[in-house]
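Take a look at the letters that make up each chain.
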Amino acid sequence: MADPSSYRPKPGQIPDSPGVYKFRDEHRRVIYVGKAKNLRQRLANYFQDLAALHPRTRTMVTTAASVEWTVVSTEVEALQLEYSWIKEFDPRFNVKYRDDKSYPYLAVTLNEEFPRVQVMRGAKKKGVRYFGPYGHAWAIRETVDLMLRVFPVRTCSAGVFKNAARTGRPCLLGYIGKCSAPCVGRVTPEEHRELAVDFCDFMAGRTGTYIRRLEKDMMAAAEEMEYERAARLRDDVEALKRAMEKSAVVLADATDADLIAVAEDELEAAVQIFHVRGGRVRGQRGWVTDKVENVDTSGLVEHALQQLYGEETGDSVPKEVLVPALPEDPDSISQWLADRRGSHVSLRIPQRGDKKDLMATVQRNAQQALGLHKTKRASDLTTRSRALEEIAEALGLDTAPLRIECFDISHLQGDDVVASMVVFEDGLARKSEYRRFQIKGFEGQDDVRSMHEVIGRRFKRYLQEKERTGEWEETPAPTGPVPAAGDTVALTGAARGTGTALLPAVAPGTDTSSGPGTAPTGETVPGPGTGPVPDSAPDPDTEPREDDGRPKRFAYPPQLVVVDGGQPQVAAAKRALDELGIDDIAVCGLAKRLEEVWLPDDDDPVVLPRSSEGLYLLQRVRDEAHRFAITYQRAKRAKRIRSSPLDVVAGLGETRKQALIKHFGSVKKLRQATIDEICEVPGIGRRTAESVAVALASTAPATPAVNTATGEIIEEDDGGSTT
């Protein structure tokens, strides 16, 4: 526990300008982000007598080891920077709302040549128009089914669309009039896009225009005695009215507004949002958060607004936002919302009439959501706490193992040997911390040796990270003027045993991080673009430090290491730790056959009761490590099996491979082609053509393969893969 006075900046060093500040822990990880109109006054509040601080604030300042700040010009800039930092660093002491589910949206893909109506979840994509969110996907499908009578927009997948275009026959919806069948040319792309735009307009609340137009066409058809057409139009009008009835009118003035309500207690808070468009409730969502910082209702509302509109622009931000309490600086928040919308946004508390009544309904929903969440979590938290206590008691640990890492080895008869590392914190999976390894220290099947290699590599990296974060240069505190707007100042306290050091000021937009860490040999991490990298960490004396506050790979040690296996695997893991001089991390193994727990240097296993919550947690951890390892191993094996002779050609990417196969039809025909013929393929130069010819010649089969059952000669796969 750090003493806040050890890193408290001098009063003259802190500017009295607006800005954003960050508290970091001893590992340089950002643990709290805040903003202030006056940085000097706000930061002074954190360094008063600990007894006078709120318990949560006291925990934060004693966990921190340094504080730094960035000066900005306006309070709106401070709000934007605070949101960006919270999203980037994910600080543990900031309020973070957790979606209780991934809400479905009704999406129209206007970025495609033939827009498609579908249900979408997850991150929003550019060029797609979204409506919602909805409580259930079936509610979206019911609405779409009714509206397709009037707006027959495409709803099929890309595969179905291409197949219909190839065969010249539309799908069932095309035959029953619920799709305009652009796949077979019944409508032009322009006509189909117009239908999609009309669909979006109706969903956006402009319903009266279309219903009046259909009713007018219905009366005209009846006067002309086209009774069948008039009946179809009548059914269309009824379908649209039924679709509208699914979202009742709640505000008579056709208001576009979002209503936000908060229910809270001392420990947690629930937020409910109703999205009202055209006077009708078009969507609803809810969040729950732990109150890890000292925050009141206005602060919760501000955090909710940041999360709700931080990534939104244009019409996604409504004209009116109704809240139960105004944020601390409502003018800055209103200006920020207006900047994101592109026009004025009203942020206020409803005082009377329909809006106040609807706010009461949203508030009741928030109270019910909080009660339901606490009921679920009480049982879950109690169970997890009991499981960790049982593990600590069974293994003779001083404290409950809040961070558990489990390792597993996977291979297929000695080929494609890989390992996995999964992390559980407080009894819950922390998937962002999962890691994968390729075993390259030796060839063949040896689970014990593989376990020794993986444990050694993981904790060797931990020691390197520990050494890097423990080296800091002392620099005398400056006596010059207060930094100007945009300057970043970092004050590192003596919690790391270095006294007070002042990091250089950084201009806005300057990246001071050293980037992601370098993983050991064959070690991969979940995420795009990751792959094997050299088995050595950068020299801490020559490489820049990773001081950007992001969680670092392998930087945090577990309290317990679990290996999938029995006594041999446990002994290998313990030996790897001993070789590195690590003696403060417990090790155990869970054998699958009898679910026995093995400890180092013990001849007999620890047998936990079958009904034990501790055993159940260890099984979950072990099974998750096995799943993660076998998934990676299967992916590696599938990639190897799908290899092509063209893979060995340097500089030949997937696009040009496909172009070659498409041009010649198969690898066999490509192998028979001359260099000049290969050069005819767009994007293939003579040097590349020569490389392709050499590669195919070197992999040419000596004799054709024969199916012994039928006597037929087996041709090469047209896709160029060998199995």
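That block above? That's the structure.
Residues numbered from 1 in each chain as written. Predicted model: local features only at pLDDT ≥ 70, side-chain atom pairs only at ≥ 80, totals over all residues. Heavy atoms only, no water.

**Student:** Before we go on, may I ask you to explain the overall build of the chain in this structure?
**Tutor:** Of the regular secondary structure elements, the chain holds 19 helices and 24 strands. Taking all 723 residues of the chain together, the buried fraction comes to 47%. Within the chain, contacts between residues separated by at least 24 positions form 66% of all contacts whose residues are at least 6 apart in sequence. (Helix = DSSP H or I, 4+ residues; strand = E, 2+ residues; numbered from the N terminus. Buried < 20%, exposed > 50% of the residue type's maximum accessible area, 1.4 Å probe, protein only. Contact = heavy atoms within 4.5 Å.)

**Student:** Is there a simple way to think about unusual backbone geometry in this case?
**Tutor:** Keep in mind that most residues, glycine aside, have a negative phi and that most peptide bonds are trans. At R28, a position not held by glycine, the phi torsion is positive, near 70 degrees. Residue position: R28 is located in the loop between β1 (19-24) and β2 (30-36). For R28, a relative accessible area of 1% translates into the label buried. Even without glycine at this site, D601 takes up a positive phi of about 65 degrees. By the secondary structure assignment, D601 is in the loop between β22 (596-598) and α15 (613-641).

**Student:** Is there a simple way to explain the pairing of strand β10 (residues 280-290) in this structure?
**Tutor:** Two faces make up the sheet, and in a regular strand the side chains alternate between them. Within β10, eight of the eleven residues are buried, which leaves the element mostly enclosed by the surrounding structure. As paired strands, strand β9 (residues 268-277) and β10 are joined by ten bridges and run antiparallel to one another. By the bridge assignment for β10, Q272 is matched with G286. With antiparallel pairing between neighbouring strands as the criterion, β9 and β10 make up a hairpin whose turn holds two residues, including G278 at a positive phi of roughly 60 degrees. (Pairing = 2+ DSSP bridges.)

**Student:** What is the right way to read a negative patch on the surface from this model?
**Tutor:** Together, E113, E190, E191 and E194 make up a negatively charged patch on the protein surface. Residue position: E194 is located in helix α7 (residues 189-203). On the basis of relative accessibility, which here comes to 52%, the residue E194 falls in the exposed class. (Patch = residues over 30% accessible without salt bridge, like charges linked within 9 Å, V, L, I, M, F, W, Y side chains within 5 Å. Areas by Shrake-Rupley, 256 points an atom, 1.4 Å probe, with all protein chains shown as cover. Salt bridge = Lys/Arg side-chain N within 4 Å of Asp/Glu carboxyl O. Lys, Arg positive; Asp, Glu negative; His and termini not counted. Charge placed at Lys NZ, Arg CZ, Asp CG, Glu CD.)

**Student:** Looking at this model, I keep getting lost on the sheet that holds strand β5 (residues 105-108). Mind explaining?
**Tutor:** In a beta sheet, neighbouring strands are held together by backbone hydrogen bonds and run either parallel or antiparallel to one another. The strand order β6-β5-β7 describes an open sheet built from three strands, whose pairing is antiparallel. Every other strand in the sheet has two partners, leaving β6 (117-120) and β7 (129-131) as the edge strands with one partner each. Across the sheet, the axes of successive neighbouring strands diverge by a mean angle of 30 degrees, strand direction being ignored. Of the strands in this sheet, β5, β6 and β7 touch α7, which is tilted by about 150 degrees from β5. (Axes fitted to C-alpha atoms, helices over the stretch in contact; angles between N-to-C directions.)

**Student:** Help me understand a nonpolar patch on the surface in this model?
**Tutor:** Taken together, the side chains of L172, Y175 and I176 make up a nonpolar region of the molecular surface, amounting to roughly 360 Å² of accessible area. Along the chain, I176 turns up in the loop between α6 (172-175) and α7.

**Student:** Honestly, the packing of aromatic side chains in this entry has me stumped. Any pointers?
**Tutor:** Aromatic ring pairs are defined here through the distance separating the ring centres and the angle between the ring planes. Applying the stated rule across the entire model yields 15 aromatic pairs. On the numbers, 6.1 Å between centres and 90 degrees between planes, the contact of Y21 with F23 is edge-to-face. For the pair Y21 and F23, one class covers both residues: buried. By way of ring pairs, the aromatic residues Y7, Y21, F23, Y32, Y46 and F47 are connected into one cluster. Lying over the aromatic face of W85, K22 brings its terminal NZ or CZ to 4.1 Å of the ring centre. Sitting above the plane of the Y632 ring, R436 keeps its charged end 4.4 Å from the centroid. (Phe/Tyr/Trp six-rings, centres within 6.5 Å; stacked < 30°, edge-to-face > 60°. Lys NZ or Arg CZ within 6 Å of the ring centre and 35° of its normal.)

**Student:** Sorry, what's going on with the nonpolar core here?
**Tutor:** Side chains of a nonpolar character, in soluble globular proteins, are inclined to be buried together. With 26 residues, the main nonpolar core has L106, F151, F199 and L240 as its most contacted residues. Elements supplying a minimum of two residues to this core: β5, α4 (137-147), α7, α8 (208-223) and α9 (227-245). By residue number, the principal contributor to this core is α7, which donates six residues. Aside from chain neighbours lying at most four places away, what touches F199 is L106, V108, V117, V144, M147, F151 and V153. (Core = buried A, V, L, I, M, F, W, Y, C linked by side-chain atoms within 4.5 Å.)

**Student:** Would you mind showing me how to read the pairing of strand β8 (residues 257-264) here?
**Tutor:** In terms of burial, β8 is largely enclosed, as seven of its eight residues are buried. Of the strand pairs in this sheet, β8 and β9 are connected by eight bridges, and their pairing is antiparallel. Bridge pairing links D258 to H275 in β9. Of the strand pairs in this sheet, β8 and strand β11 (residues 320-322) are connected by three bridges, and their pairing is parallel. Along β11, the bridge assignment pairs A257 with E320.

**Student:** Just to check I follow, could you spell out the environment of E320 for this structure?
**Tutor:** On the secondary structure map, E320 appears in strand β11. Among the residues examined, E320 registers a relative accessible area of 10% and is labelled buried.

**Student:** Looking at this model, I keep getting lost on the pattern of salt bridges. Mind explaining?
**Tutor:** Any two side chains of opposite charge can pair if their charged atoms end up close together. This structure, assessed with the given rule, holds 26 salt bridges. Where R457 meets E453, a salt bridge forms, and the shortest distance between an N and an O atom there is 2.9 Å. Taken together, the positions of R457 and E453, both in helix α13 (residues 447-469) and four residues apart, correspond to about one turn of that helix. Among the ionic pairs, R686 bridges to D676, the shortest N-O distance being 2.8 Å. You can see R686 sitting in helix α19 (residues 686-698) and its partner D676 sitting in helix α18 (residues 675-679), a full ten residues away along the chain. For R686, a relative accessible area of 46% corresponds to the partly exposed category. Several salt bridges converge on common partners, so that one network encompasses R403, E405, E425, R430, E433 and R458.

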